[in-house]
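Chain residues, written in single-letter form:
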There are 2 protein chains.
Amino acid sequence: MQVEVGADDPRLGDYVRLRESSLRRSLESERGLFIAEGEKVIRRAVEAGHRPRSFLLAPRWLAGLEDVLARWPDVDVYVVDEAVAEQVTGFHVHRGALASLHRADLPPVDDLLGLDRLVVLEDVVDHTNVGAILRSAAGLGWDGALLSPRSADPLYRRAVKVSMGAVFALPWTRFPSWRDAPALLTGAGFTTVALTLADDSEDLDVVAERLRGPGKVAVLLGTEGAGLSDHWAQTASVRVRIPMRAGIDSLNVAAAAAVACYALAPRVTR
Amino acid sequence: MQVEVGADDPRLGDYVRLRESSLRRSLESERGLFIAEGEKVIRRAVEAGHRPRSFLLAPRWLAGLEDVLARWPDVDVYVVDEAVAEQVTGFHVHRGALASLHRADLPPVDDLLGLDRLVVLEDVVDHTNVGAILRSAAGLGWDGALLSPRSADPLYRRAVKVSMGAVFALPWTRFPSWRDAPALLTGAGFTTVALTLADDSEDLDVVAERLRGPGKVAVLLGTEGAGLSDHWAQTASVRVRIPMRAGIDSLNVAAAAAVACYALAPRVTR
């Protein structure tokens, strides 16, 4: 349902100041919403079963999303020019299409523990990294992701965007407790693989040869900068390092995740 | 040499409106400068031989960079509070330390062609991706990078930051011509490996087994979205694809680069 609005219309409240992350975090959690940006990502969100609250579109995007909008005839569609969109959101909306969607309840941890290949994030706090890691995990054939309580929100706009909507395709949820997470994984039969630079770690090449077959594997990725906590690293089944050139910093966590997901993905042949 | 300045002092001209990329691109190329952000990255730029034009520091960063500043007693050090820094640059400077440095001439392409493992970018236009790729290449033991003329600038502030200064450690330069680049590489004895989703591509696992030994290998990475041009892909020695789950988009180019650099890095053992 197309609705005419001005920049100060309170019905645009879901879309205000999209670049102010602390404001957005409290607003989105209070209202139970998240924002999807761009036609492709909006489409994927809706197809994954996320119920829209409203759409905010530049006129030229109406035609491209016509079928999506038709499925939700009662949902408001705010058609605004780019200047109004910029005034509301606080930045130039390159893709000209935004949607506000309801957050669904996260699946229970047990559902994820029933899968075979999991990416597990310990306090990865950067939304770009979380989005990039979930995209790589989905693309490289991993089954799901588990996040520590303090990890960044995969449904935050920037994470959704960077993931190209993989946050909708890949099952994920949060551990209720940081401390108990490693035991839950091993209790469910996972070989837990801690990515670390520790001296007692094995070369990823070598570990990959052992773990490429079928079986339950969880790769543990630590926070930006400091890496995995001792608690997670030392309780893991195996500690691995990506072979690195001397004197260069560790890889960015998203790059390390891509490498580990590639190396440890189950191979059909081989 | 510490200098007192206000936000509208023309001597801060190197640092204005750092988020406005089209303004910055013309300003930096006109003046032959680039910006480094954060103590660690500034230190790496200077240690790599880049000559500073000036520094812009919050007072609390003076002590940490004292030795660097002492090496350049004639270079202006503008000490400003964070409000002034924000007024000049147009955003909150999280790390409180900026430096403007002279761009050096790029090395000739022939210097790079003398190396063994090269990452080659065809019109990768996003600064974050260029920075991330150079960081991964350096970390995973590759020798250098070659960029097509239209690829994004590795010395743009965001690329420098994402690379954690790897753009100073890893030798890189630009091809003078997009069209001639593949022939230059094969003429110099490289096996060129095109990363693509084409049907006639080989599995990266299989190609990696062949190419992991010593020898000259160049991995070709295409532009965001469309990937490699036909010209680059079809003239390559081999076309490879990273095994992907059906129905998921390709990996982000920086993730694909990390995977390829890991898989094709020369292994000492094996």
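Here the structure is a predicted model, which means the values were calculated and not measured.

So, how was this worked out
Residues numbered from 1 in each chain as written. Chains lettered and ligands numbered in written order. Predicted model: local features only at pLDDT ≥ 70, side-chain atom pairs only at ≥ 80, totals over all residues. Heavy atoms only, no water. Pairing = 2+ DSSP bridges. Helix = DSSP H or I, 4+ residues; strand = E, 2+ residues; numbered from the N terminus. Contact = heavy atoms within 4.5 Å. Axes fitted to C-alpha atoms, helices over the stretch in contact; angles between N-to-C directions. Domains from an automatic or database assignment. Buried area = accessible area lost by both parts, 1.4 Å probe. Salt bridge = Lys/Arg side-chain N within 4 Å of Asp/Glu carboxyl O. Polar contact = N/O pair within 3.5 Å; in protein donor to acceptor, adjacent residues only side chain to side chain. Nonpolar A, V, L, I, M, F, W, Y, C, P; charged D, E, K, R; others polar. UniProt positions renumbered as here; feature names shortened; annotations may be inferred. Patch = residues over 30% accessible without salt bridge, like charges linked within 9 Å, V, L, I, M, F, W, Y side chains within 5 Å. Areas by Shrake-Rupley, 256 points an atom, 1.4 Å probe, with all protein chains shown as cover. Lys, Arg positive; Asp, Glu negative; His and termini not counted. Charge placed at Lys NZ, Arg CZ, Asp CG, Glu CD. Least-squares fit on C-alpha atoms with pLDDT ≥ 70 in both.

## Concerning the sheet that holds strand β5 (residues 97–102) of chain A
Residue and element names in this part refer to chain A. What the 5 strands build is an open sheet, ordered β1-β4-β3-β5-β2; its pairing is mixed. Pairing within the sheet leaves two strands with one partner each, and these edge strands are β1 (2–3) and β2 (33–37). Examined bridge by bridge, strand β3 (residues 52–57) and β5 share 5 bridges and lie antiparallel to one another. Of the residues in β5, the one forming a bridge with L57 is A97. Helix α1 (residues 21–31) contacts β2 and β3 of the sheet and is inclined by roughly 115 degrees relative to β2.

## Observations concerning the domain arrangement of chain A
Residues and elements named next belong to chain A. When its domains are assigned, chain A resolves into domain 1 (2–102) and domain 2 (109–264). Centre-to-centre, using C-alpha coordinates, domain 1 lies 31 Å away from domain 2. Facing 18 residues of domain 1, the contacting portion of domain 2 comprises 9 residues. Summed over both sides, the interface of domain 1 with domain 2 buries roughly 1300 Å², with 62% coming from carbon and sulfur. Looking only at domain 1, the three residues that lose the most surface to domain 2 are F34, E37 and V41, adding up to 33% of its buried area. The salt bridge partner of K161 is E37, with a shortest N-O separation of 3.7 Å. For the pair domain 1 and domain 2, the number of links is 3 residue pairs in polar contact (both at pLDDT 80 or more). Going through the elements one at a time, α1, β2 and α2 (39–47) are the ones with two or more residues in the side of domain 1 that touches domain 2. Class assignment for the residues of the side of domain 1 that touches domain 2 results in 7 nonpolar, 2 polar and 9 charged.

## Remarks on the UniProt feature "domain: tRNA/rRNA methyltransferase SpoU type" (unreviewed entry) in chain A
Summarizing the sequence annotation, UniProt attributes the feature "domain: tRNA/rRNA methyltransferase SpoU type" (unreviewed entry) to residues 118–262 of chain A in the numbering used throughout. Taken end to end, residues 118–262 of chain A has its terminal C-alpha atoms 13 Å apart, with 37% of it in helix and 19% in strand.

## Description of a positive patch on the surface
Together, A:R19, A:R158, B:R19 and B:R158 make up a region of like positive charge exposed at the surface. Within the secondary structure layout, B:R158 lies in helix α7 (residues 157–162).

## Comments concerning the relation of the copies chain A and chain B
With an RMSD of 0.0 Å, chain A superimposes on chain B once it is rotated by 180 degrees and translated 0.0 Å along the axis. Taken together, the turn and the small shift mark the pair as related by a two-fold rotation axis. Closest approach to the rotation axis within chain A is made by the C-alpha atom of A:V259, at a distance of 2.4 Å. A shared interface surface links the copies, since 100% of the contact residues of chain A are contact residues in chain B too.

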